[in-house]
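Below, each chain spelled out in residue letters.
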Amino acid sequence: MVLLILFSVSVVGNLGALILVIKERRRANNTILTLNLFLADLLFISTVPFVITVRWTKAWKLGSAACHLIMYFISMSGTVTITTLADISIERLLAILKMETTPSLKPRWSLGVLLLIWFFCAVAVLLLSLFSRVIPVSSSQEGEMHICALIWPHLLGEVVWCAIFFALGFLVPGCSIVISYTKILQIKQRCKRRLHTTTSQRQEQSSAVSKQDFKLFRTLLILMISFFIMWSPIFIFTFLILTHNFQVHLALTSSMFVWVLTFTLAN
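The rules behind each value
Residues numbered from 1 in each chain as written. Predicted model: local features only at pLDDT ≥ 70, side-chain atom pairs only at ≥ 80, totals over all residues. Heavy atoms only, no water. Helix = DSSP H or I, 4+ residues; strand = E, 2+ residues; numbered from the N terminus. Buried < 20%, exposed > 50% of the residue type's maximum accessible area, 1.4 Å probe, protein only. Contact = heavy atoms within 4.5 Å. Areas by Shrake-Rupley, 256 points an atom, 1.4 Å probe, with all protein chains shown as cover. pLDDT = per-residue confidence, 0-100. UniProt positions renumbered as here; feature names shortened; annotations may be inferred. Patch = residues over 30% accessible without salt bridge, like charges linked within 9 Å, V, L, I, M, F, W, Y side chains within 5 Å. Salt bridge = Lys/Arg side-chain N within 4 Å of Asp/Glu carboxyl O. Lys, Arg positive; Asp, Glu negative; His and termini not counted. Charge placed at Lys NZ, Arg CZ, Asp CG, Glu CD. Disulfide = S-S within 2.5 Å. Phe/Tyr/Trp six-rings, centres within 6.5 Å; stacked < 30°, edge-to-face > 60°. Core = buried A, V, L, I, M, F, W, Y, C linked by side-chain atoms within 4.5 Å. Polar contact = N/O pair within 3.5 Å; in protein donor to acceptor, adjacent residues only side chain to side chain.

- The name given to the protein in an unreviewed UniProt entry is Free fatty acid receptor 4-like, and the organism recorded there is Ictalurus punctatus.

## With respect to the overall build of the protein
- Scanning the protein from terminus to terminus reveals 9 helices and 2 strands.
- Reading the secondary structure of the protein in the N-to-C direction produces α-α-α-α-α-α-β-β-α-α-α.
- Put simply, the protein has 267 residues, and 37% of those count as buried.
- Residue pairs at least 24 apart in sequence account for 76% of intrachain contacts in the protein once pairs closer than 6 positions are excluded.
- A total accessible area of about 15,700 Å² is found for the protein, and carbon and sulfur atoms account for 69% of it.

## A look at the confidence of the model for the protein
- Per-chain confidence: the protein averages 76 in pLDDT, with 71% of residues scoring 70 or above.
- Averaged pLDDT values for the elements of the protein fall to 64 in helix α8 (residues 201–244) and rise to 89 in helix α6 (residues 126–130).
- Segment residues 201–209 is flagged for pLDDT under 50; beyond a separation of four residues in sequence, or across chains, it makes 8 contacts in the model.

## Examining the UniProt feature "transmembrane region" (unreviewed entry) in the protein
- Taking the numbering used here, the UniProt-annotated feature "transmembrane region" (unreviewed entry) corresponds to residues 6–22, 34–57, 69–90, 111–131, 151–184, 220–242 and 248–266.
- Helix makes up 100% of residues 6–22 and strand 0%, with an end-to-end C-alpha separation of 24 Å.
- The annotated region residues 69–90 carries 100% helix and 0% strand content, and the separation between its end C-alpha atoms amounts to 31 Å.

## Let's talk about a positive patch on the surface
- Taken together, the side chains of Lys183, Arg190, Arg193 and Arg194 make up a positively charged region of the molecular surface.
- Structurally, the position occupied by arginine 194 is in helix α7 (residues 155–197).
- Judged by its relative accessible area of 40%, arginine 194 falls in the partly exposed class.

## Looking at the state of the cysteines
- Counted under the stated rule, the structure contains 1 disulfide.
- At a sulfur-sulfur separation of 2.0 Å, the disulfide partner of cysteine 67 is cysteine 148. One disulfide, between cysteine 67 and cysteine 148, carries an S-S torsion of 85 degrees and so falls in the right-handed class. Of this pair, cysteine 67 sits in helix α4 (residues 63–97) while cysteine 148 sits in strand β2 (residues 143–150), and the two are 81 residues apart along the sequence.
- We classify cysteine 67 as buried; its relative accessible area is 1%.
- A relative accessible area of 29% places cysteine 148 in the partly exposed class.

## Description of the environment of isoleucine 96
- Tracing the chain through its elements places isoleucine 96 in helix α4.
- Residue class for isoleucine 96 comes out buried when judged on its relative accessible area of 2%.
- Put simply, isoleucine 96 and isoleucine 187 are 91 residues apart on the chain and 8.5 Å apart in space, counted from C-alpha to C-alpha.

## A closer look at a nonpolar patch on the surface
- Taken together, the side chains of Phe120, Leu156, Val160, Ile164, Leu168 and Val172 present a nonpolar region at the surface, about 540 Å² in accessible area.
- It is α7 that contributes the most residues to the nonpolar patch, 5 residues altogether.
- Relative to the elements of secondary structure, leucine 168 occurs in helix α7.

## Regarding the packing of aromatic side chains
- Within this structure, the stated rule accounts for 5 aromatic pairs.
- Taken together, the aromatic side chains of Phe131, Trp152, Trp161 and Phe165 make up a single cluster linked through ring pairs.

## A word on the nonpolar core
- Grouped together as the largest cluster of nonpolar side chains are 33 residues, with contacts concentrated most on Met76, Val80, Val125, Trp161 and Ile177.
- Only α2 (29–45), α4, α5 (107–124), α7 and α8 provide two or more residues apiece to this core.
- Not counting residues up to four positions away in its chain, the partners in contact with methionine 76 are Leu43, Trp118, Cys121, Ala122 and Val125.
- Grouped together as the second largest cluster of nonpolar side chains are 11 residues, Phe44, Cys67, Ile70 and Phe237 included.

## Observations concerning the side chain of serine 132
- Looking at the element boundaries, serine 132 is found in strand β1 (residues 132–139).
- At a separation of 2.5 Å, a polar atom in the side chain of serine 132 contacts the main-chain carbonyl oxygen of leucine 128.
- Contact partners of serine 132, with chain neighbours within four places excluded, come to Cys67, His68, Cys148, Ala149 and Leu150.

## Looking at the environment of lysine 58
- With respect to the helices, strands and loops of the structure, lysine 58 is situated in the loop between α3 (48–57) and α4.
- When the C-alpha positions of lysine 58 and histidine 146 are compared, they lie 9.3 Å apart, and in sequence the two are 88 residues distant.

What follows is the structure in structure tokens.
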């Protein structure tokens, strides 16, 4: 029920925001990147009905193809989201440093960056699709049933992939976001001190440009904080799954993953 409510709210919210941004007909870099965020969210949300179905039937009855694709789309959309947020933070920093209200990149370059993001994320999580399998398991309550599980052929390969994915898919973009917004905050503080010491017309015009950027900065800062709060559990749970290979007594259930996914969806 909780997943169904979140699914409905997320679809309406993202589609509504997507329509509003498109109606503005702006081609600024931040608008294009924001549209990409909405598209990534919609891709992530599209997997929720399948998760609800599995929770309802308590077994995997969606077939092998869905097993390969669902976790793939969840991981890819999440990686696209955090990478896009990192790009937005860097683009805003560059725009503020140049005191620009126009895009710092041409629309074609922006679209090229987006295509590169999607290509990188699609390739990065491809192994999740390849190694997903429908396997039979025995349950004391349900008897024999099938589940969709990620079966790595080698433990070393799983460790290496998890380390690289965590670094490139979370740490590097996360550090870029933190560094960019920290730099913007420092610029804001310097501008405030400058406004107290001079009232020249030229600096007033520059500060007007800065205020527009800082307004966007506050909005994106809230988005950044909420993103880290919501997505960190997914990476922590992935780390726990990896740890489970060495600590077998560590109890991890499918219900835990569903609740972590629900918490992430609330973003």
